[in-house]
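What follows is each chain in one-letter form.
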Amino acid sequence: MTILEVIRRSAEFLGQRGVDSPRLQIELLLAHVLRTPRLKLYLNFERTLTEPELAQLRELVRRRAAREPLQHLLGSTSFCGLEFEVNRDVLIPRPETELLAERAWNHLSPLTSHLSTALDFGTGSGCLAVTLAVKCPAARVTALDISGAALEVARRNAQRHGVGDRVEFVESDGFAALNGDSRCDLIVSNPPYIVTGEIAALQPEVRDFDPRPALDGGADGLDFYRRLAAEAGQFLNEHGKIMLEFGDGQADAIKNLFQAQKWIVEAVENDYTQRQRILIARPARA
Ligand SMILES: C[S@@+](CC[C@H](N)C(=O)[O-])C[C@H]1O[C@@H](n2cnc3c(N)ncnc32)[C@H](O)[C@@H]1O
């Protein structure tokens, strides 16, 4: 079979199985198998695939048709221009979270009077913690997660990007394992925020392959914002801020939660699709 025939047949098959953008997906899988940039496939449409190449591709198409995410099949995904290892132990970093990363490094980078410090609460793949450490060479980052398996992936991602010496990994349920003596310049978090009762209706790639603890925000999706509003202030220094991602329609409830715990909400920002997505706040100091 030629490259063009494989693309046509597999795209039709994936489309029938409910996979979005099936042609793009098969092109990316095929480029992965052939170890070539996707656009080069277009220059070689008539090339015949070898039997080992076909066998490898068939297996990947079978898994994608079973709705395993493309990023798991490729083994990595891009976040803020950096490549991150992902697997079933971590949430696949989402494009909207890149905005949170950008806001976070814009806050940290100008802090040159001291070695700036940040805490990534619920680090998962480490995408936020590692990106911050890469973009802010004078920063130290604590990457915290309840999942030891996720922290292993995050640790490898930090090493991959040469910042393993400036990122500390802490396995902890909430802030429990942190020593209250150290206060930081920034807490950044993309906590679990899906309403428990809505998880079953998510698309299979998310529902069946992202780790459940990375999704489940409790009965109203706000459990982690309650915890953060109540506890995060004691880990921030005088000029410290918190920057949080949240889900569709949660902005007002989260703003109220933080204001009720004596935080000053500085901004609620939209993502690139004009949906409210990020809250920036600082503790009101007496
Ligand atoms: C939505 S994921 C975010 C992952 C990553 N920061 C990102 O933006 O792609 C939330 C993370 O919070 C972690 N988590 C869930 N419950 C936690 C808890 N009680 N304490 C600490 N981390 C928790 C999950 O393991 C998961 O890695």
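Reading guide: rules and limits
- Residues numbered from 1 in each chain as written.
- Predicted model: local features only at pLDDT ≥ 70, side-chain atom pairs only at ≥ 80, totals over all residues.
- Heavy atoms only, no water.
- Helix = DSSP H or I, 4+ residues; strand = E, 2+ residues; numbered from the N terminus.
- Rg over C-alpha atoms; globule rule 2.2 N^0.38 Å.
- Buried < 20%, exposed > 50% of the residue type's maximum accessible area, 1.4 Å probe, protein only.
- Contact = heavy atoms within 4.5 Å.
- Areas by Shrake-Rupley, 256 points an atom, 1.4 Å probe, with all protein chains shown as cover.
- Pairing = 2+ DSSP bridges.
- Right-handed = clockwise from strand over helix to strand, strands pointing away.
- Expected span 1.5 Å × (residues − 1).
- Axes fitted to C-alpha atoms, helices over the stretch in contact; angles between N-to-C directions.
- Parallel < 35°, antiparallel > 145°, perpendicular 65-115°, else oblique.
- Left-handed = near helix turned anticlockwise from the far one by under 90°.
- Nonpolar A, V, L, I, M, F, W, Y, C, P; charged D, E, K, R; others polar.
- Domains from an automatic or database assignment.
- Near = heavy atom within 4 Å.
- Polar contact = N/O pair within 3.5 Å; in protein donor to acceptor, adjacent residues only side chain to side chain.
- Core = buried A, V, L, I, M, F, W, Y, C linked by side-chain atoms within 4.5 Å.

Novice: Would you explain the overall build of the protein in this entry?
Specialist: When you go through the protein residue by residue, the secondary structure sums to 11 helices and 9 strands. Taking 19 Å as the expected radius of gyration for a compact globule of 286 residues, we find that the protein reaches 21 Å, a close match to that expectation. Judged by the C-alpha coordinates and their principal axes, the protein covers about 70 × 40 × 35 Å. Scored against the burial criterion, the 286 residues of the protein give a buried share of 51%. In the protein, the proportion of contacts linking residues at least 24 apart, taken out of those at least 6 apart, comes to 66%. Accessible area of the protein: about 13600 Å², with a carbon and sulfur share of 49%.

Novice: Quick question: what am I supposed to make of the pairing of strand β3 (residues 116–121) here?
Specialist: Looking down a regular strand, the side chains alternate between one sheet face and the other. The buried fraction of β3 amounts to 5 of the 6 residues, a majority that puts the element mostly inside the structure. Taken together, the 6 bridges between β3 and strand β4 (residues 139–145) define a ladder with parallel strand orientation. Bridge pairing in β4 places T117 opposite R140. You can see the chain leave β3, run along helix α6 (residues 127–135) and come back into β4, and the turn it takes is right-handed.

Novice: Explain helix α5 (residues 97–108) to me, please; I cannot follow it from the model alone.
Specialist: One turn of an α-helix holds 3.6 residues; hence residues three or four places apart share an orientation. The terminal C-alpha atoms of α5, which comprises 12 residues, lie 17 Å apart, in line with the 16 Å expected from a rise of 1.5 Å per residue. Along α5, the residues classified as buried are T97, L99, L100, A101, A104, W105, H107 and L108.

Novice: Explanation requested: the packing of helix α10 (residues 223–231) against helix α11 (residues 251–260) in the structure shown.
Specialist: Any two packed helices are characterised by how steeply their axes cross, that is the angle between the axes, and by the distance between the axes. Taken N-terminus to C-terminus, the directions of α10 and α11 make an angle of 25°; their axes are 9 Å apart at the nearest point. In terms of their interaxial angle, α10 and α11 are classed as roughly parallel. Crossing geometry of α10 relative to α11 is assigned as right-handed. Residues Y225, R226, L228 and A229 of α10 lie in contact with α11, whose contacting residues are I254, L257 and F258. For the contact of α10 with α11, the residue count by class is 6 nonpolar, no polar and 1 charged.

Novice: Hey, could you run me through the domain arrangement of the protein in this one?
Specialist: Interfaces are often described in size by the accessible area the parts lose on coming together. By the assigned domains, the protein splits into domain 1 (3–66) and domain 2 (81–283). Taking only C-alpha atoms, the centre of domain 1 and the centre of domain 2 are 35 Å apart.

Novice: In this structure, what is going on with the site of the ligand? I would like to understand it.
Specialist: Taken together, 20 residues sit near the ligand, with G122, D145, D173, G174 and N190 positioned nearest. Within the backbone of T123, one N or O atom sits 3.3 Å away from a nitrogen atom of the ligand. The backbone of G124 places a nitrogen or oxygen atom 3.4 Å from an oxygen atom of the ligand. Alone, the ligand offers 590 Å² of accessible surface; in the complex the protein occludes 95% of this. Counting only elements with at least two residues in the shell around the ligand, the list comes to β4, α9 (212–215) and α10. Split by residue class, the shell around the ligand holds 10 nonpolar, 7 polar and 3 charged.

Novice: What is the right way to read the packing of helix α2 (residues 22–34) against helix α3 (residues 51–65) from this model?
Specialist: At a minimum axis separation of 10 Å, α2 and α3 run at an interaxial angle of 140°. Crossing hand, α2 versus α3: right-handed. The residues of α3 that touch α2, namely those facing Q25, I26, L29, L30, H32, V33 and L34, are E53, Q56, L57, L60, V61 and R64. Of the residues contributing to the contact of α2 with α3, the split by class is 8 nonpolar, 3 polar and 2 charged.

Novice: When you look at the nonpolar core in this model, what are you seeing that I'm missing?
Specialist: Nonpolar side chains in soluble globular proteins generally cluster together in the buried interior. L132, V167 and L186 are the most contacted members of the largest nonpolar core, which has 32 residues in total. Apart from residues lying up to four places away in sequence, V167 is in contact with A129, A133, V141 and A143. Counting 31 residues, the second largest nonpolar core, distinct from the first, contains L91, Y193, Y225 and L257.

Novice: Even after reading the chapter, I still don't get the pairing of strand β2 (residues 82–85), so can you show me in this structure?
Specialist: Bridge analysis of strand β1 (residues 76–79) against β2 gives 4 bridges, and the strand direction is antiparallel. Residue T77 lies in a different strand from β2, and its bridge partner there is F84.

Novice: What is the right way to read α6 from this model?
Specialist: Among the 9 residues that make up α6, 7 are buried, leaving the element largely enclosed by the rest of the structure. Here α6 has its buried residues at C127, L128, A129, V130, T131, L132 and A133.

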